[in-house]
Amino acid sequence: MEVLTPRSLGEALRIKAERPDAVPIQGGTDVMVELNFDRARPPALLNLNEVPELRGWSHENGMLRLGSGLTYTEAMALSERLRALAEASRTVGGPQIRNRGTIGGNLGTASPAGDALPPLLVYGAEVELAGPNGSRRLPLQEFLVGPKRNALAEDELIVAVYVRPLGSRQTFMKVGPRNAMVIAVVSLAMCVDEERNEIRVSFGSAGPVAGVVTAPLDEADDLPQRVAEAASPIDDVRGTARYRRHALQVLTSRALVRCLT
Amino acid sequence: MSTTARRLELGRVGETTRRVDAIPKVTGEFAYASDLFAAGMLWGHTVRSPHAHARIVEIDISQALAMAGVHGVLTHTDVPGAKTYGLEFADQPVLAIDRVRYFGEPVALVAAEHPEQARRAAERIQVEYEPLEPVVDPERATEQEPLHEENPTAGHGFRDDQRPNVLRSIAIRHGDPDAEGEVSVSGVYELGMQDQAFLGPESGLAVPDGEGGVDIYVATQWLHVDRDQVAPCLGLEKEQVRIHLSGVGGAFGGREDLSMQVHGALLALHTSRPVKMVYSREESFVGHVHRHPAKIWMEHRATKAGRLVNVRAQILLDGGAYASSSAAVTSNAACFAVGPYSVDNALIECTCVYSNNPPCGAMRGFGAVQSCFAHEAQMDKLATALGIDPVELRLLNALAPGDTLPTGQKVSGSFPAAEVIRRAAELPVPEAEELPRDPIRLPGGAGNTTHGQGVKRGVGFAVGFKNVCYSEGFDDACAARVRLWKGADDELVGEVHCAGAEVGQGVTNVILQVARTELGTENVALAPGSTADVESSGSASASRLTWMAAGAVRLACRDALAEFEAGRSAVDVQRTYHHPRTAPLDPETGQVKGDRVHVAYMCAAMRVVVEVDVELGLTRVVWIGTAQDVGKALNPQAVHGQIEGGTAQGLGLALMEEIQTRDGLITNASFTDYLIPTTLDMPPVEAELIEEEEPDAPYGVKGVGEPPTVVSTAAVVSALRDATGSELARVPVRPDELAGL
């Protein structure tokens, strides 16, 4: 297996255009599991760890730009600006995983259980994708097209995520059968968007993709019910559909208390 | 020798001494069996059954054999000696012959230069299966076609039970089994299949000796019984097979049965090259036996004053496809069904069946865990029915020396159950922490699911007991060999050989502490464990090795020192220590045919505080306090370590640990989906060591590894019931049940 290590975004994009079969790898917390379990043997890995344009975060035209290489540990430090994302990042794996795993990796894997997805969805995030013919931006909801499927073309890379800062009335919660290091049985993010006078809720692990439900600020009473109805959970080794629907209702009620009082 | 008593810096019997492997393990320098390496070695890989039950029609190895890097492909026809093996009954094929009986059963072996080549070649071995209806419901197993045409466990002095697929059944009749009480409570309790979940997967290295024999370096629990099973399968004399202990990354019973030993040796002898085998995590879940899932019906009859009159129990254990140590687990589950309580009448029936589920065998607690979960739920239920404090009820019925157990054995020696109960109950329970708190300190933990909403507190209590050492007439003796000579400055130098397996429990320190104490010197080393230069130590099992190794090393040291002091300049002494003899149970009545069926008993009591988010069904175990009957603590810090670790393992079964199966196939063979407690799930454990010396044991010791596991599952669930008011009759308890769904 070849490992290709570009030193700039331009070089990375050139390689990706020439070698669309090269699998991008950042922290490796998903990709290496696939390799170690012998579920995938890509001909090449595109190691993005040395691409400076993908690292860190910055302000850009009133938006926050999160590089796709932003680690969960780094995202945890953004709790002043992006509390729900910081809280979600704290629930990911253990410290070692959080030091390696990235937001971009979560988008690339596009698992319905991806912990960063519900917060980014309630922020109304846009994903920047770059390819040989320039870059484009997609709303995250359009980027996520199905379980473990996204809208990334084979010659494109995930470069960044753009979010609008929305104040502090936001939260994230994740249910698992133990108190750390679990894959979500169900998760929920909520934020209040005062500009649009709206509450947005997103949930994970309760449908093929993370779902989004919105309500006007003064019509939040039936949100718990609506969120539970919007979900399409299944029974699996981690939990039952019945429990997931019940938990979503409880989590939404609690999130409303956190965000509205 | 100098007659002045010297202060030993390194610790004698009864002193806390730091584990000799502590620093290498923390720094990552410790060599586990998976780190073994030999020049020119090949990598072995096992081809396993994807079916729980199937007939093998044909195996075609030709494609695999032709692949680059492949040095050998073996099937059952290549096993030169005995085709089957087993700890107690040789019912398990080395490689499946014409039928597979469980998911993951070994069918063929590959040796190749690179592990990837071995895996690829394994994929090219074509096995044609004809799937058969699997026996997966233990309650129906006794009505289905037998999985073993000749019952492997028949005629071993067990009850003659003609039902198909009965691995062993026991009935213990004590007093008048129909005796009535004034109050009666009953219930049906279930336990899921728990895994040992040791972190070091099954690994070893087999090296041909160039003379037809083989050296096997492996992570195991009992070197000599491995050798005794491996040699016949290879068609070799025992002396031609030498087993050497390699670094063990946890065992908990899961390394009592063979894993890669015969397979690695077959490949090594076939290729004349060293062969290493390391199971993957997924493979490890099918590579060893598990704790028996159980369904237990119990009825307790008592007087209004709370004295137990009669306990009736029916226990069903699922043994899976092969016998392993199921027969002994069955006996234990029956013997400890009542708990550490005195009762004049009892009828205990326990049946273990064969099925096409994953094979079950030894795991820490060995049958007593299952029974304890049921009898302690019953004691709580009885206390409620009678309006008596649950601790008072237990004290009222506590078993004491002189009492007769349901097997007819009189409790002798040390058994301070009442003291243990009292001391655990006296431990002060911490106050509830104030809100708001970091969510890490609330149910749901890092998931940030509550800031206090829905949280209820519960306090639970449980008592459990178990035997130490092997039982039913088995003489699991332990040998030790001691060499003494004069070193520089004419100082005494000692070298101890003992095959007792250091599996993380700390027996290395125990052996060295005993040797230092007996020889009066710090110049003592422990040689690596091997079948080549010392006799059997028996297994690192049944909480027995501190007792047995201390006994053997003390005996050998004393005799060696006597010879040395008589003027010999160098001595080499080997001695074998035996525990008091036990006797079997009568197959019809379950009554002991001699003085004792078990060597001695140890008990523990535990108090648990939980907080449950009753809306989401999530739990935080806040605090655990325990008192344990340890005889004498040879290395107190190590005893506390065993208590904390054993408690965590029982907590795991209470809250999250279960191997899930569908039609006999394991559906969660990974640490992503088979969850074990993390440091955020495990509370601080306050442990009181009750030291009442056991008269039959060296230094008065007892075992310490199992009682915390026996009692903690029951104690945690007792607290969950207190918080939720739900019956919670099955473990692991699911969030659904805690949330009342």
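Treat the numbers as computed from the prediction; the structure is a model and nothing was measured.

Participant: Explain the interface of chain B and chain A residue by residue, including any values.
Facilitator: Listed by partner, the interface residues are 40 residues for chain B and 29 residues for chain A. Interface area, chain B with chain A, both sides summed: about 2,900 Å², of which 50% is carbon and sulfur. Of all residues in chain B, B:Asn448, B:Leu616 and B:Leu741 bury the most surface against chain A, accounting for 18% of the area lost on that side. Between the two partners, chain B and chain A, sit 6 salt bridges. Salt-bridge contacts for B:Asp438 lead to A:Arg90; the nearest nitrogen and oxygen are separated by 3.2 Å. Counting across the chain B and chain A interface gives 22 residue pairs in polar contact (both at pLDDT 80 or more). If you list the elements that add at least two residues to the side of chain B that touches chain A, you get α3 (115-123), β24 (618-629) and α16 (735-738) of chain B. Looking at which element gives the most residues to the side of chain B that touches chain A, the answer is α3(B), with 4 residues. Considered class by class, the residues forming the side of chain B that touches chain A number 14 nonpolar, 15 polar and 11 charged.

Participant: Go over the nonpolar core with me, naming the residues and quoting the values.
Facilitator: Residue and element names in this part refer to chain B. Counting residues in hydrophobic clusters, the biggest one holds 113 residues, and the most contacted among them are Ile348, Val608 and Leu720. With 10 residues, helix α9 (residues 368-386) is the single largest residue contributor to this core. Discounting chain neighbours no more than four positions away, the residues touching Leu720 are Val610, Val612, Thr619, Leu655, Leu728, Val733 and Leu738.

Participant: Can you lay out helix α9 (residues 223-230) of chain A for me, pointing to particular residues and giving the numbers?
Facilitator: All names here are of chain A. Listing the buried residues of α9 in full gives Leu223, Pro224, Val227 and Ala228. When α9 is viewed along its axis, its buried side chains cluster within an angular range of 135° and face the same direction. Turning to α9, the residues buried within the fold contact β12 (186-193), β13 (198-204), β14 (211-216) and α10 (241-260).

Participant: Now, about the domain arrangement of chain B: what can you tell me, with residues and values included?
Facilitator: Residue and element names in this part refer to chain B. When its domains are assigned, chain B resolves into domain 1 (33-132 + 201-248 + 255-287), domain 2 (141-195 + 298-358), domain 3 (386-470 + 598-738) and domain 4 (477-578). On a C-alpha basis, the centres of domain 3 and domain 4 stand 35 Å from each other. On the domain 4 side, the residues contacting the 23 residues of domain 3 number 19 residues. Contact between domain 3 and domain 4 buries roughly 1,500 Å² in total, counting both sides, with carbon and sulfur atoms accounting for 64%. Linking domain 3 with domain 4 are 0 salt bridges. Applying the counting criterion to the domain 3 and domain 4 interface returns 4 residue pairs in polar contact (both at pLDDT 80 or more).

Participant: Just give me the short version of the domain arrangement of chain A, but keep the residues and values in it.
Facilitator: If you check the domain split of chain A, you get domain 1 (1-46) and domain 2 (170-260). Each of domain 1 of chain A and domain 2 of chain A has a C-alpha centre, and these two points are 34 Å apart.

Participant: Any chance you could break down the state of the cysteines for me, citing the residues and the numbers?
Facilitator: Per the counting criterion, the structure on display carries 0 disulfides over all chains. Sulfur of A:Cys259: no disulfide; nearest cysteine sulfur belongs to A:Cys191 and is 7.6 Å away.

Participant: How would you explain the packing of aromatic side chains if you had to name every residue and give the values?
Facilitator: Residues and elements named next belong to chain B. In the structure shown here, the tally under the stated rule is 13 aromatic pairs over all chains. Taking 6.1 Å as the distance between ring centres and 80° as the angle between the ring planes, the aromatic pair formed by Trp222 and Tyr470 counts as edge-to-face. Taken together, the residues Trp222 in the loop between β12 (214-218) and α5 (223-234) and Tyr470 in the loop between β18 (455-468) and β19 (478-486) connect sequence positions 248 residues apart. Across this residue pair, the class does not change: Trp222 and Tyr470 are buried. Ring centres 5.5 Å apart and planes at 55° place the aromatic pair Phe285 and Tyr674 in the tilted group. In this pair, Phe285 is assigned in helix α7 (residues 281-287) and Tyr674 in the loop between β26 (665-666) and β27 (685-690), connecting sequence segments 389 residues apart. Here Phe285 matches Tyr674 in class, with each residue buried. These aromatic residues form a ring-pair network of at least three members: Phe336, Phe415, Phe465 and Tyr601.

Participant: Lay out the packing of α9(B) against helix α10 (residues 390-397) of chain B with the relevant residues and their values.
Facilitator: The axes of two packed helices give the description: the angle between them and the distance between them. Residues and elements named next belong to chain B. For the pair α9 and α10, the least separation of the axes is 9 Å and the interaxial angle reads 110°. Judged on the interaxial angle alone, α10 and α9 are roughly perpendicular. Here α9 and α10 pass one another in a crossing that is right-handed. Across the interface between the two elements, Glu376, Met379, Asp380, Leu382, Ala383 and Leu386 from α9 touch Pro390, Leu393, Arg394 and Asn397 from α10. A per-class count over the contact of α9 with α10 returns 6 nonpolar, 1 polar and 3 charged.

Participant: Give me the lowdown on the confidence of the model for chain B, citing residues and values where you can.
Facilitator: Overall, the predicted model of chain B reaches an average pLDDT of 97, with 99% of residues at or above 70. Both scores are given for the predicted complex: the pTM is 0.97, the ipTM 0.96.

Participant: Explain the sheet that holds strand β5 (residues 63-67) of chain A residue by residue, including any values.
Facilitator: Residue and element names in this part refer to chain A. With antiparallel pairing, the 5 strands of this open sheet are ordered in space as β4-β5-β10-β6-β7. Strands with a single pairing partner mark the edges of an open sheet, and in this sheet they are β4 (57-60) and β7 (134-139). Neighbour to neighbour, the strand axes of the sheet diverge by 25° on average, direction disregarded. The pairing of β5 with strand β10 (residues 157-163) spans 4 bridges and is antiparallel. Bridge pairing in β10 links Leu64 to Val163. Across the sheet, helix α1 (residues 9-18) touches β6 (126-131) and β10, and the angle it forms with β10 is around 130°.

Participant: An account of the packing of helix α14 (residues 636-655) of chain B against helix α15 (residues 707-724) of chain B is needed here, citing residue identities and associated values.
Facilitator: All names here are of chain B. Axis separation between α14 and α15 bottoms out at 7 Å; the angle between their running directions is 50°. Here α15 runs oblique to α14, going by the angle between their axes. Crossing angle aside, the handedness with which α14 passes α15 is right-handed. Here α14 contributes Gln642, Ile643, Gly646, Thr647, Gln649, Gly650, Leu651, Leu653, Ala654 and Leu655 to the contact with α15, which in turn contributes Pro708, Thr709, Ser712, Thr713, Val716, Val717 and Leu720.

Conventions used here
Residues numbered from 1 in each chain as written. Chains lettered and ligands numbered in written order. Predicted model: local features only at pLDDT ≥ 70, side-chain atom pairs only at ≥ 80, totals over all residues. Heavy atoms only, no water. Contact = heavy atoms within 4.5 Å. Buried area = accessible area lost by both parts, 1.4 Å probe. Salt bridge = Lys/Arg side-chain N within 4 Å of Asp/Glu carboxyl O. Polar contact = N/O pair within 3.5 Å; in protein donor to acceptor, adjacent residues only side chain to side chain. Helix = DSSP H or I, 4+ residues; strand = E, 2+ residues; numbered from the N terminus. Nonpolar A, V, L, I, M, F, W, Y, C, P; charged D, E, K, R; others polar. Core = buried A, V, L, I, M, F, W, Y, C linked by side-chain atoms within 4.5 Å. Buried < 20%, exposed > 50% of the residue type's maximum accessible area, 1.4 Å probe, protein only. Arc of directions from axis to C-beta. Domains from an automatic or database assignment. Disulfide = S-S within 2.5 Å. Phe/Tyr/Trp six-rings, centres within 6.5 Å; stacked < 30°, edge-to-face > 60°. Axes fitted to C-alpha atoms, helices over the stretch in contact; angles between N-to-C directions. Parallel < 35°, antiparallel > 145°, perpendicular 65-115°, else oblique. Left-handed = near helix turned anticlockwise from the far one by under 90°. pLDDT = per-residue confidence, 0-100. Pairing = 2+ DSSP bridges.

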